[in-house]
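# A look at the structure
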Amino acid sequence: MKKLNIAALAALIAACAVGPSQSADIKACLITKTDSNPFFMKMKEGATAMAKELGITLNAYAGKADGDADSQISAIESCIAAGAKGILLTASDTKGIVTYVQKARDAGMVVIALDTPLEPTEAADMTFATDNSIAGKLIGQWARETLGDKAKDAKIGFLDLNAAQVSVDVLRDQGFMLGFGIDAKNPNKIGDETDPRIIGHGASNGNEEGGRTGTESLLQIDPAINVIYTINEPAAAGAYQALKAVGLEKSVLIVSVDGGCPGVKNVADGVIGATSQQYPLQMAALGVAAIKKFADTGERPKPSEGKAFFDTGVTLVTDKPVSGIKSIDTKEGLAKCWG
């Protein structure tokens, strides 16, 4: 299936060539937050396959850990020095890196943010991403409908990313609140809500250990917590571990965003109730195709109709569907995971 997807994506650039392409001379860069998170590994897989398909030289870089902006800045400088035509970037510091992104654009490069919009979003030529607000909204709606009348008395804990409040973190968190029926107050800020159902916010750093320790902290605030929103599925796995350690794994509803194969398996196993599935392989593959198009024609990528970014899609995955919310089951989710 992956090979067919890449072939289909390659076909999208067929109309871009205006003459003999000098693909062998085109260099592109992929810069991710880390090279260990499966989400970013899938991006690299998609970008690498498309670059090979198009005959483009791809250089891949990554931070040492989520939040390592210095390594990403060094990578941008290396790409400029190498004469790359474009950069695909998932920024750890969405504000601080803008100055360096502008240097790349001033050098004649096209810069495409993947998954995580820059601040401001127009600092990049375009963002190829999941609609993270909708991703959060879907799991918020599902949790509300699953709880039914109990939703009005829910006790909800949030496992966000970290204190930096990067755009993707804020969008998912606030999207969940919108879906659940919580007044998010300032939709650009996490933590200013006054709804009594919110127990608190914890930083997970997007990994299992953070999910575990964050959940332990939330349980100390209120052991009667019955819903946990998580920024991603590694954090959700950690949350489940913490709940299981105190015998609460069956009484707390966990929802998440990502839709990776391990996460979908956790939905099938009942660890996670529902997750919003993203498509990072497609994000990166389309990004490489857009760099090729820019190199051939000078045309920069355009947003999806009615949006300020290029929407690569999102789908709710659950084996416990609710009326009025479109979803797929885990069997289909596994067939599509991160493709």
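Here is what the cut-offs are and how they apply
Residues numbered from 1 in each chain as written. Predicted model: local features only at pLDDT ≥ 70, side-chain atom pairs only at ≥ 80, totals over all residues. Heavy atoms only, no water. Helix = DSSP H or I, 4+ residues; strand = E, 2+ residues; numbered from the N terminus. Contact = heavy atoms within 4.5 Å. Polar contact = N/O pair within 3.5 Å; in protein donor to acceptor, adjacent residues only side chain to side chain. Salt bridge = Lys/Arg side-chain N within 4 Å of Asp/Glu carboxyl O. Buried < 20%, exposed > 50% of the residue type's maximum accessible area, 1.4 Å probe, protein only. Expected span 1.5 Å × (residues − 1). Pairing = 2+ DSSP bridges. Right-handed = clockwise from strand over helix to strand, strands pointing away. Disulfide = S-S within 2.5 Å. Core = buried A, V, L, I, M, F, W, Y, C linked by side-chain atoms within 4.5 Å.

### Side note on the environment of Q278
Looking at the secondary structure, you find Q278 in the loop between β10 (274-277) and α10 (280-297). Taking the C-alpha atoms as reference points, Q278 and T34, separated by 244 residues in sequence, lie 18 Å from one another. Ignoring any residue separated from it by four or fewer positions in sequence, one finds Q278 in contact with F39, D115, T130, N132, R172, V257, D258, M283, G313 and W338. For Q278, the side chain forms a polar contact with the side chain of R172, separated by 3.1 Å.

### Some thoughts on the pattern of salt bridges
Here the structure, examined in full by the defined rule, presents 17 salt bridges. We note a salt bridge from K292 to D296, for which the minimum N-O separation is 2.4 Å. Note that K292 and D296 are positioned in helix α10 at a spacing of four residues, about one turn of the helix. An identical accessibility class is assigned to K292 and D296; each is buried. When salt bridges that share partners are traced, they join R105, D125 and R300 into one network.

### Comments concerning helix α6 (residues 167-180)
Structurally, the α-helix is built with 3.6 residues per turn, so residues lying three or four positions apart point the same way. Along its 14 residues, α6 runs 20 Å from first to last C-alpha, staying within 8% of the 20 Å computed at 1.5 Å per residue. Of all 14 residues making up α6, 12 are buried, and the element is well covered by its neighbours. For α6, the full list of buried residues reads S167, V168, D169, V170, R172, D173, Q174, G175, F176, M177, G179 and F180. Where α6 is buried, its residues contact α5 (132-147), β6 (156-160), β7 (198-203), β8 (227-230) and β9 (253-258). Positioned one or two residues after α6, G181 has a phi angle of 95°, which is positive.

### Some details on the pairing of β9
The element β9 is largely enclosed, with a buried count of six among its six residues. Taking every second residue as pointing to the same face, both faces of β9 are buried, with L253, V255 and V257 on one and I254, S256 and D258 on the other. Strand direction decides the pairing type here: β8 and β9, joined by three bridges, are parallel. Paired with I228 across the two strands is I254, which belongs to β9. Assessed by its sense of winding, the connection that carries the chain from β8 through helix α8 (residues 233-245) to β9 is right-handed. Sheet topology places β9 next to β10; four bridges connect them, and they run parallel. In the sheet register, V257 faces β10, and the bridge partner there is S276. Of the crossover connections in this fold, the one passing from β9 over helix α9 (residues 261-268) to the parallel β10 is right-handed.

### As for the state of the cysteines
In the structure shown here, the tally under the stated rule is two disulfides. There is a disulfide in this structure between C29 and C79, and the S-S distance comes to 2.2 Å. Every disulfide takes its handedness from the sign of the S-S torsion; for C29 and C79 that torsion is -125°, giving left-handed. With C29 in strand β1 (residues 27-32) and C79 in helix α3 (residues 69-82), this residue pair connects regions lying 50 residues apart in the sequence. Exposure remark for C29: the relative accessible area of 1% places this residue in the buried category. Judged by relative accessible area, which is 0%, C79 ranks as buried. Residue pairing for C261: its cysteine sulfur links by disulfide to C337, the two sulfurs lying 1.9 Å apart. On the S-S bond that ties C261 to C337, the torsion sits near 65°, and the link is right-handed.

### Regarding the nonpolar core
Counting residues in hydrophobic clusters, the biggest one holds 30 residues, and the most contacted among them are W142, I156, F176 and F180. Elements with a minimum of two residues in this core: α5, β6, α6, β8 and β9. The leading source of residues in this core is α5, at six residues. Residue contacts for W142: discarding those within four places in its chain leaves L253, V255, G273, A274, L316, T318, K320, V322 and I325. Of all hydrophobic cores here, the second largest spans 27 residues; its members include I26, F40, V110 and F128.

### Focus: the environment of A274
Mapped onto the elements of the fold, A274 is located in strand β10. Distance in space between the C-alpha atoms of A274 and K320 is 8.0 Å, their sequence separation being 46 residues. In this structure, A274 is in contact with I139, W142, I254, V255, S256, L316, V317 and T318, ignoring residues within four places of it in sequence.

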